[in-house]
Amino acid sequence: MGEEDLHGFDCGNPSVSNMIDQTYYACLLREARAYCVYLKVKDDQEILVGAYSVSIDTLDVKNAVSPLADYYSREPPFRAMVHLDYIAVNSKVQDHGIGTAILEYIVLQARSLYREWPVRLLVLDALRDKVAWYEKRGFSAVYEDDPDPHSTTVKMYLDLMPGEDFQRLSEYVESNS
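Here is a short report on the structure shown in this document. (Residues numbered from 1 in each chain as written. Predicted model: local features only at pLDDT ≥ 70, side-chain atom pairs only at ≥ 80, totals over all residues. Heavy atoms only, no water.)

What follows covers the pairing of strand β6 (residues 153-159). With 7 bridges joining them, strand β4 (residues 121-127) and β6 adopt antiparallel strand pairing. Note that in β6 the partner of D125 across the bridge is K155. The sheet contact formed by strand β5 (residues 140-141) and β6 spans 2 bridges and is antiparallel. Bridging from a neighbouring strand, S140 pairs with Y157 of β6. (Pairing = 2+ DSSP bridges. Helix = DSSP H or I, 4+ residues; strand = E, 2+ residues; numbered from the N terminus.)

And the structure:
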């Protein structure tokens, strides 16, 4: 992503727009990967409709909801994960399924990464007014009790392990218990 691509990009949320502005430097330092999403409007013309950034991070699962805490019961409590730093759609083209399409693509990419790297979760910090939107797309809150009810975000996750892999893992664990 080039810094000039996002000049003037507005997703309608100043804090997310600021994150987008700051991502260029994280990418230069190889701390994250950021992408611009374009929509082809004519044979020779594209418009910038969205942006997103992902990174590899760790998640402290000590106080996480049961499925996470049970799965990650071994020490240390920090586990590698794909972190969706932000997803943003230009405020001029919101409510047309672009955000959903971007998220579906990110999940698809993260699932392919799951096959090759020791990451099982896609985690994000959802703006409170977007929690239901993420829940509708399969995400769940990481913590049962909100650790910071005054925060503007809620930490959420999506398990990247497909059902058939989970079934094989469960059978293996049961047979070796």
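Moving on, there is more to tell.
Our focus in this paragraph is a nonpolar patch on the surface. A cluster of nonpolar residues, L39, V41 and I47, forms a patch on the protein surface that exposes about 220 Å² of accessible area. Relative to the helices and strands, I47 is located in strand β2 (residues 45-60). (Patch = residues over 30% accessible without salt bridge, like charges linked within 9 Å, V, L, I, M, F, W, Y side chains within 5 Å. Areas by Shrake-Rupley, 256 points an atom, 1.4 Å probe, with all protein chains shown as cover. Salt bridge = Lys/Arg side-chain N within 4 Å of Asp/Glu carboxyl O.)

For the rest of this paragraph, the subject is the packing of aromatic side chains. On inspection of all chains with the given rule, the structure shows 3 aromatic pairs. On the numbers, 5.0 Å between centres and 25 degrees between planes, the contact of Y35 with Y52 is stacked. Here Y52 lies in strand β2 and Y35 lies in strand β1 (residues 33-42), a separation of 17 residues in the sequence. On the accessibility criterion, Y35 (30% relative accessible area) is partly exposed. (Phe/Tyr/Trp six-rings, centres within 6.5 Å; stacked < 30°, edge-to-face > 60°. Buried < 20%, exposed > 50% of the residue type's maximum accessible area, 1.4 Å probe, protein only.)

Between its first and last C-alpha atoms helix α3 (residues 98-116) spans 28 Å; for 19 residues at 1.5 Å apiece the expected length is 27 Å, and the two agree. For α3, the complete set of buried residues consists of I98, G99, I102, L103, I106, V107, A110 and Y114. Buried residues along α3 cover an arc of 165 degrees about the axis, so they all sit on one side. Residues of α3 that are exposed and point over 90 degrees away from its buried face: E104, L108 and E116. (Expected span 1.5 Å × (residues − 1). Arc of directions from axis to C-beta.)

Turning our attention to the nonpolar core. When a protein is soluble and globular, its nonpolar side chains tend to lie buried together. Ranked by size, the top nonpolar core spans 28 residues in total, and within it L84 and L122 carry the most contacts. Mapped onto this core, the elements with two or more residues apiece are β2, β3 (78-89), α3, β4, α4 (131-136) and β6. Of the residues forming this core, the biggest block, 7 residues, is contributed by α3. Not counting residues within four places of it along the chain, the set of residues in contact with L84 comprises Y52, S53, V54, L103, I106, L122, V123, L124 and D125. Counting residues in each nonpolar core, the second largest holds 11 residues, with V61, L121, V142 and Y143 among its members. (Core = buried A, V, L, I, M, F, W, Y, C linked by side-chain atoms within 4.5 Å. Contact = heavy atoms within 4.5 Å.)

With that settled, consider the side chain of H83. Looking at the element boundaries, H83 is found in strand β3. The exposure class of H83 is buried, given its relative accessible area of 8%. Polar side-chain contacts of H83 include one of 3.1 Å to the side chain of D125. Discounting residues that sit within four places of it in the chain, H83 has contacts with S53, V54, S55, D57, V123, L124, D125 and K155. (Polar contact = N/O pair within 3.5 Å; in protein donor to acceptor, adjacent residues only side chain to side chain.)

Another point: the pairing of β2. When β1 meets β2, the two strands line up antiparallel, connected through 9 bridges. Each bridged residue has a counterpart across the sheet, and for A34 the counterpart in β2 is S53. Connecting the antiparallel pair β1 and β2 is a turn made up of 2 residues.

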